Amino acid sequence: MKWFRFLGILIGLSIAGYLLHQVGWMAIRNTLEVLGWGYVLVLVYPVSWILLNTAGWRTAIRLPFAQISLFHLAAIRVAGETFNSLLPSGYVGGEPLKAKLLGKSMPVPEAMSSVLVAKSAQSVGLVLFVVLGLTFGRVTGPSPLRQPATLAAVFLLAGGIATFTILLTRRSFSRAGFTLYRLTRLSWLEKQQEKLKALDESIGAFYREGKSRFFESVLWHSVGWLAGALEVALIFYLLGNPIDWRQAWFIGAMAQLASVIGLLVPAGIGLYEGGHYMAAGLLGLPPALGLSVGLVRRMREIAWDGVGLILFWQLSKLVARKPMPVRE
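Residues numbered from 1 in each chain as written. Predicted model: local features only at pLDDT ≥ 70, side-chain atom pairs only at ≥ 80, totals over all residues. Heavy atoms only, no water.

Student: Could you give an account of unusual backbone geometry, with specific residues and numbers?
Tutor: Of note in the backbone geometry, R171 takes a positive phi value of approximately 50° without being a glycine. Within the fold, R171 resides in the loop between α8 (148–168) and α9 (172–184). (Helix = DSSP H or I, 4+ residues; strand = E, 2+ residues; numbered from the N terminus.)

So this is what it looks like as structure tokens:
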């Protein structure tokens with residue numbers, strides 16, 4: 001894993017370096033200087049999608065346990081997403097941490113179940129966001145969806161998420177654990193069987209009792225992705241180059257697709273910025289401006305990673321003392 005992480009960072013930094021060389025640092029610096037104090041708005045804006053996605057997560061919790069405070073849940077989510085950003089496993093690296101922190105407010109199987117169901121709902125929302133964003137974008141040339149590489153990436157993303165969602169409903173964890181135990185005869189795997197069965201039971205109970213809650217969670221997360229696209233429009237406006245919502249959605253979709261393609265690259269370094277660069281060019285906008293927007297969003301992400309680490313430290317102390325408060 002250390003070698004994968006090192007390779008991912010090396011690839012990402014190489015891509016970022018190539019883009020900086022192509023565009024020129026002076027052009028990017030001039031763009032960023034225009035932003036000025038408007039960067040404060042960029043730093044605060046993520047609160048919007050944090051709360052939207054947290055609402056989606058809370059909807060993925062079974063009703064008997066869903067009364068946890070939205071703000072405590074949001075703090076846990078920010079801490080977990082920080083580790084998603086920092087770990088080479090990318091999109092899912094911080095999910096066990098979320099379950100661990102939430103496990104003080106409810107049974108651990110229920111906490112892990114909610115994390116998995118919410119991740120599935122968020123991923124479904126991501127597919128909708130990417131496909132619709134690439135469809136609505138008015139590019140100067142052929143639509144990216146007509147390009148074989150883009151189509152393959154979207155189909156692989158959608159297929160992977162569909163498979164993951166289906167497996168969640170088929171008692172896959174206990175079955176996989178039992179199969180591995182039969183093959184390896186490891187005593188540790190045998191001891192995990194009851195936990196895996198409890199996890200499967202919790203997931204199954206959620207889908208039996210509240211299918212509508214899953215679709216509600218997808219809706220919350222989809223709106224959260226849209227809020228991220230509006231951040232793109234905000235940054236372009238602050239830079240003195242306003243764009244419409246279609247262009248913002250298209251750029252946000254390209255950036256997310258590029259980031260997901262590079263899952264082995266921590267935080268999608270280079271690929272995320274490259275998505276902004278390519279999208280701007282396809283829309284007939286200056287590529288340097290697109291890359292600058294990508295870098296502004298990257299700096300915002302780094303700032304929120306700092307917030308996430310602070311929240312993780314505070315939540316860890318709170319978990320050691322007492323369970324998290326639950327809303328009445």
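After that view, the rundown keeps rolling.
Student: Let's hear about helix α6 (residues 95–102): which residues, and what values?
Tutor: Most of α6 is tucked away: six of the eight residues are buried. For α6, every residue scored as buried is listed here: E95, L97, K98, A99, L101 and L102. (Buried < 20%, exposed > 50% of the residue type's maximum accessible area, 1.4 Å probe, protein only.)

Student: Account for the pattern of salt bridges, with residues named and values stated.
Tutor: The final tally for this structure, using the stated rule, is eleven salt bridges. Where E110 meets R62, a salt bridge forms, and the shortest distance between an N and an O atom there is 2.7 Å. Pair noted here: E110 is in helix α7 (residues 108–136) and R62 is in the loop between α4 (47–59) and α5 (70–86), with a separation of 48 residues, a long-range link. Since its relative accessible area comes to 10%, E110 is described here as buried. Since its relative accessible area comes to 17%, R62 is described here as buried. Between R300 and E231 there is a salt bridge; the shortest N-O distance is 2.8 Å. With R300 in helix α15 (residues 287–321) and E231 in helix α12 (residues 211–238), the pair connects residues that are 69 residues apart, well separated along the chain. Judged by relative accessible area, E231 falls into the buried class, the value being 0%. (Salt bridge = Lys/Arg side-chain N within 4 Å of Asp/Glu carboxyl O.)

Student: Run through the packing of aromatic side chains, naming residues and quoting values.
Tutor: Counted according to the given criterion, the structure contains ten aromatic pairs. Seen in terms of ring centroids, Y45 and W49 are 5.8 Å apart; in terms of plane orientation they differ by 70°. Their pairing is edge-to-face. Ring geometry for Y207 versus F214: centroids 5.7 Å apart, planes at 55°, classification tilted. Grouped by ring-pair contacts, the aromatic residues F129, F136, W225, W245 and W249 constitute a single cluster. The cationic tip of K98 hangs over the ring face of W57; the distance from NZ or CZ to the ring centre is 5.8 Å. (Phe/Tyr/Trp six-rings, centres within 6.5 Å; stacked < 30°, edge-to-face > 60°. Lys NZ or Arg CZ within 6 Å of the ring centre and 35° of its normal.)

Student: Can you break down the environment of F214 residue by residue, with the values?
Tutor: Mapping F214 onto the fold places it in helix α12. A relative accessible area of 9% places F214 in the buried class. In sequence terms F214 and I61 are 153 residues apart; their C-alpha atoms lie 9.4 Å from each other. What F214 contacts, discounting residues up to four positions off in sequence, is V117, S120, A121, V124, T165, F206 and Y207. (Contact = heavy atoms within 4.5 Å.)

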